[in-house]
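Notes for the structure review
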Amino acid sequence: MRVFVIDTEYLTWNNLGSKKNPLKRKKNEPPEIIQIFIKEIFTKRKKEKLFFVKPVNYQIYPHRISKLTSIKKKFLDRNGSSFKSVYNNLNKFLPKNSLIISNGDESKIIDINLKINKVKKLGKKLFFLNFYILIKNLRIFKKYKKKKFITNNQIKKTFKIKNIKSHDAKNDVLILIKSLKIIGIEKKGIKENF
């Protein structure tokens, strides 16, 4: 079983406008992926892929997303691919029976995007593992025990990881990989948790 770490950035359903011009999200605007980064771990040849997705469902590109991720709509219009194309490339990249670690529910976000983009889910067997499962019982995360999710910023702060900006899929994957090294989790340990 090969192991990968994945992260996505997506248009969220909080305020869409700026403080000066707040806009409410329309109910038909689910979280739409704009960036995916995936990297293989526990191997010498660490394969990785970075994808940018051109959003097509949001009527207004959220100002807060540009501010948070530094990904502007103009950039995505020029450099982004359709979700269908990205999904097919991601599917080709991942071998069957891969274990994919994410901090959050990336599989659910991907499923939502399959639905909103009317893309048929491919039948390759992939397994997702939430990073929280690997760290929730560590003493250092005791204060988060009642939560079901720990943000990358909380992980960075806890492990004293500096000089990596969150809210960029590639950086967020690097934060998770550094965290796995800090806590000394190896492939065998991940399989046991899975």
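In short, a report on the structure. Predicted model only: the values in this text are computed from it and were never measured. (Residues numbered from 1 in each chain as written. Predicted model: local features only at pLDDT ≥ 70, side-chain atom pairs only at ≥ 80, totals over all residues. Heavy atoms only, no water.)

Considering only enclosed or pocket space, the largest pocket measures out at about 620 Å³ in volume. Thr8, Tyr10, Asn103, Glu106 and Phe149 are, among the 26 residues lining the largest pocket, the residues nearest its centre. At the level of elements, strand S1 (3–11), helix H1 (63–69), helix H4 (106–116) and helix H6 (152–159) are the ones that each hand at least two residues to the lining of the largest pocket. Among the residues making up the lining of the largest pocket, the classes are represented as eight nonpolar, 11 polar and seven charged. Forming the walls of the second largest pocket are 15 residues, and the residues nearest its centre are Tyr87, Ile110, Lys121, Leu126 and Phe128. It is H4 that contributes the most residues to the lining of the second largest pocket, four residues altogether. Residues that form the lining of the second largest pocket fall into these classes: 10 nonpolar, two polar and three charged. (1 Å grid on protein atoms, 1.4 Å probe; cavity = no way out; pocket = protein on both sides within 12 Å on 5 of 7 lines; lining within 4 Å. Points joined across faces, edges and corners; volume = space filled by probe spheres on them. Helix = DSSP H or I, 4+ residues; strand = E, 2+ residues; numbered from the N terminus. Nonpolar A, V, L, I, M, F, W, Y, C, P; charged D, E, K, R; others polar.)

A separate point is the sheet that holds strand S3 (residues 48–52). Judged by pairing direction, the sheet is mixed, and its five strands sit side by side in the order S3-S2-S1-S4-S5 without closing on themselves. Each end of this open sheet is capped by a strand with a single partner; those strands are S3 and strand S5 (126–130). Put simply, the sheet's adjacent strands are angled 25° from each other on average, direction ignored. The pairing of strand S4 (residues 98–102) with S5 spans five bridges and is parallel. Note on S5: the bridge partner recorded for isoleucine 100 is phenylalanine 128. Contacting S1, strand S2 (32–41), S3 and S5, helix H3 (residues 83–93) runs over the sheet at an angle of about 175° to S3. Contacts from H4 reach S1, S2, S4 and S5 within the one sheet, and its direction differs from that of S1 by about 55°. (Pairing = 2+ DSSP bridges. Axes fitted to C-alpha atoms, helices over the stretch in contact; angles between N-to-C directions. Contact = heavy atoms within 4.5 Å.)

Working note: non-glycine residues mostly have negative phi, and peptide bonds are mostly trans. With a phi angle near 65°, serine 70 is a residue other than glycine that sits in the positive phi range. Mapped onto the secondary structure, serine 70 falls in the loop between H1 and helix H2 (73–79). The backbone phi angle of histidine 167 is positive, close to 65°, even though this residue is not glycine. Tracing the chain through its elements places histidine 167 in the loop between H6 and helix H7 (169–183). By relative accessible area, histidine 167 is classed as partly exposed at 28%. (Buried < 20%, exposed > 50% of the residue type's maximum accessible area, 1.4 Å probe, protein only.)

The next point concerns the pattern of salt bridges. Per the stated rule, a full pass over the model turns up five salt bridges. The salt bridge partner of lysine 170 is glutamate 48, with a shortest N-O separation of 4.0 Å. A residue pair is termed long-range when its members are at least 10 positions apart, and lysine 170 in helix H7 and glutamate 48 in strand S3 qualify at 122 residues. Linking aspartate 77 and lysine 73 is a salt bridge whose minimum nitrogen-to-oxygen distance equals 3.1 Å. With aspartate 77 and lysine 73 both in helix H2 and four residues apart, this pair spans about one turn of that helix. Here aspartate 77 falls in the partly exposed class, since its relative accessible area comes to 35%. Through salt bridges with shared partners, a single ionic network connects Lys39, Glu48 and Lys170. (Salt bridge = Lys/Arg side-chain N within 4 Å of Asp/Glu carboxyl O.)

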